[in-house]
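Structural characterization, general
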Amino acid sequence: MKYRYLDLRRAPVMSSILLRHRMAQETRKYLDMQGFVEIETPVLIKSTPEGARDFVVPSRMNQGEFYALPQSPQTFKQLLMVSGFDKYFQIVKCFRDEDLRADRQPEFTQIDCEMSFIEREDILNMFEGLVKFLFKEVKQTDIPKLDRISYADAMKYYGNDKPDLRFDMRIAELTSLVQNKGFKVFDDAEVIVAINVTGASEYTRKQLDELTEWVKRPQLGMSGLIYVKHNIDGSLKSSVDKFFSEEELKKWASATSSNSGDLILVLAGKSAKTRKAMSELRLEMGERLGLRDKNTFKCAWVLDFPLLEQDEESGRWHAMHHPFTSALPEDLHLLKSNPGKVRANAYDMVINGVEVGGGSIRIHDKQIQKQMFSLLGFTDDEAQKQFGFLMNAFEFGAPPHGGIAFGFDRLCSLFGGSESIRDFIAFPKNNSGRDVMIDSPSTISQDQLKELGISTNSPA
Ligand code: ASP
């Protein structure tokens, strides 16, 4: 990374950057053809609520005051709708001061879009069109119409709000079928879930032991793995034969759509943790069975996310997307009585189990926006101070509007068949958010600090 410029000479690295170039050009081409206008929004702004920490920049001319770098151009693009640019886009840098995970960068690029006088369906069609266009132009691939799945179904069948739909292997819930039969592990569990792994009945003892250790790893923390071999001759043999007769196992097999030659894997425990572990196990088995080919693309929309999520400790409500997201009209009446049940008019695009984009239809009414801020625990004063400019703008007539943003780095890496977004960024930062080539971040001189009016506590 110190010699990134030399690394970029290597053919595979260079081709990733060239792929990125092509993606950007084709994106512009499509959006321009559809009548979108590319507009730059400022980088020195104040906090935008995407739920991460802000990077801040001290102002020399206004000592003691700070700009924040945009986590996204969200508020600006909504203001552009008030101005009357009905279709906006920008390929834009965003900044989020988050703890870094493998494929996160503190600065990253979005294809950011917004449209007026539209409904959800218009957005879904327009951006389904963008992705189809990119596959066609960049990868010479025709992709079929995108699947649509509700958040609730995604969680139920895949244990995950960004399901990898290249393979089926749906999660089945066995809780009511298997409880109260004298097997303590099941009786003590909140939920018991299973998947059917096609053609894996011949898994050896050793392989099953190894899978059991895999689900027991601290990352998943399961207490064990239960299996049923659905043998070629149709017989069923489980690791809990003592408690469940073959008759009973037949019911498991039918609940999981299992056939001769398959292997049923079962996990039991606390609800959220067990579903998450099953989701991981499903992906792992998909991987082992070669069902996750990186040259096969399965794109889908995930719809109807919850509008709000509650912080377990403080009991406070947070916007799951961001506070400008509107509720589904049919759920709006629940906003006061049962906020947790309200579904958002929001959507994510998921490709091969990766969330590549997300957006929503916005609130365009000042009163509803006010109500939302108050639900999120802002006082009127705080809301006015932070977002008054947006709510005031709504008074001048805001069209119904909505939009979406795609993670451009991630989209490129997916098209390039790579797990790592770093390969598709010319000068990326490392896992600790450092650029080791230019050695940044770095300290600045006392003089500079003084000029900025920033005092340090270091001993004189
Ligand atoms: N601003 C949102 C984000 O960065 C995207 C959107 O709602 O359009 O995720």
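Our structure's up above, just so we're on the same page.
Residues numbered from 1 in each chain as written. Predicted model: local features only at pLDDT ≥ 70, side-chain atom pairs only at ≥ 80, totals over all residues. Heavy atoms only, no water.

Before going further, it helps to examine the packing of helix 8 (residues 205–216) against helix 10 (residues 271–288). Packing of helix 8 against helix 10 brings their axes to within 11 Å, and their N-to-C directions diverge by 140 degrees. Relative to helix 10, the element helix 8 lies oblique. In this structure, the crossing between helix 8 and helix 10 has a hand that is right-handed. In this structure, helix 8 uses Glu 210, Leu 211, Trp 214 and Val 215 to contact helix 10, whose residues at the interface are Glu 280, Leu 281, Glu 284, Met 285 and Arg 288. (Axes fitted to C-alpha atoms, helices over the stretch in contact; angles between N-to-C directions. Helix = DSSP H or I, 4+ residues; strand = E, 2+ residues; numbered from the N terminus. Parallel < 35°, antiparallel > 145°, perpendicular 65-115°, else oblique. Left-handed = near helix turned anticlockwise from the far one by under 90°. Contact = heavy atoms within 4.5 Å.)

Let us now look at the site of the ligand. Around the ligand, 14 residues are found, and the nearest of them are Glu 50, Gln 74, Lys 77, His 321 and Arg 362. Residue Gln 110 places a side-chain N or O atom 2.9 Å away from an oxygen atom belonging to the ligand. Between the ligand and the protein, one listed contact pairs an oxygen atom with a backbone N or O atom of Ile 404 at 3.4 Å. The fraction of the free accessible surface of the ligand (270 Å²) that becomes covered by protein chains is 92%. Sorting the residues of the shell around the ligand by element identifies helix 3 (74–83), strand 16 (354–361) and strand 17 (401–407) as the ones contributing at least two each. Per element, the largest residue contribution to the shell around the ligand is three residues, and it comes from strand 17. In terms of residue class, the shell around the ligand is made up of two nonpolar, eight polar and four charged. (Near = heavy atom within 4 Å. Polar contact = N/O pair within 3.5 Å; in protein donor to acceptor, adjacent residues only side chain to side chain. Areas by Shrake-Rupley, 256 points an atom, 1.4 Å probe, with all protein chains shown as cover. Nonpolar A, V, L, I, M, F, W, Y, C, P; charged D, E, K, R; others polar.)

Further remarks concern the side chain of Gln 74. Mapped onto the fold, Gln 74 is located in helix 3. Within the structure, Gln 74 has its side chain in polar contact with the side chain of His 322 (distance 3.3 Å).

On to the sheet that holds strand 16. If you trace the eight strands from one edge of the open sheet to the other, you get 1-4-5-17-16-15-12-6, paired in mixed fashion. Edge positions in the sheet fall to strand 1 (37–38) and strand 6 (147–150), since each has one partner strand and no second. Both strand 12 (residues 299–303) and strand 15 (residues 346–351) contribute to a ladder of five bridges, which runs antiparallel. The partner of Ala 300 across the bridge, within strand 15, is Val 350. On the sheet, helix 5 (residues 151–158) packs against strand 6 and strand 12 and is oriented at approximately 85 degrees with respect to strand 6. Contacting strand 5 (107–116), strand 15, strand 16 and strand 17, helix 14 (residues 408–415) crosses the sheet at an angle of about 105 degrees to strand 5. (Pairing = 2+ DSSP bridges.)

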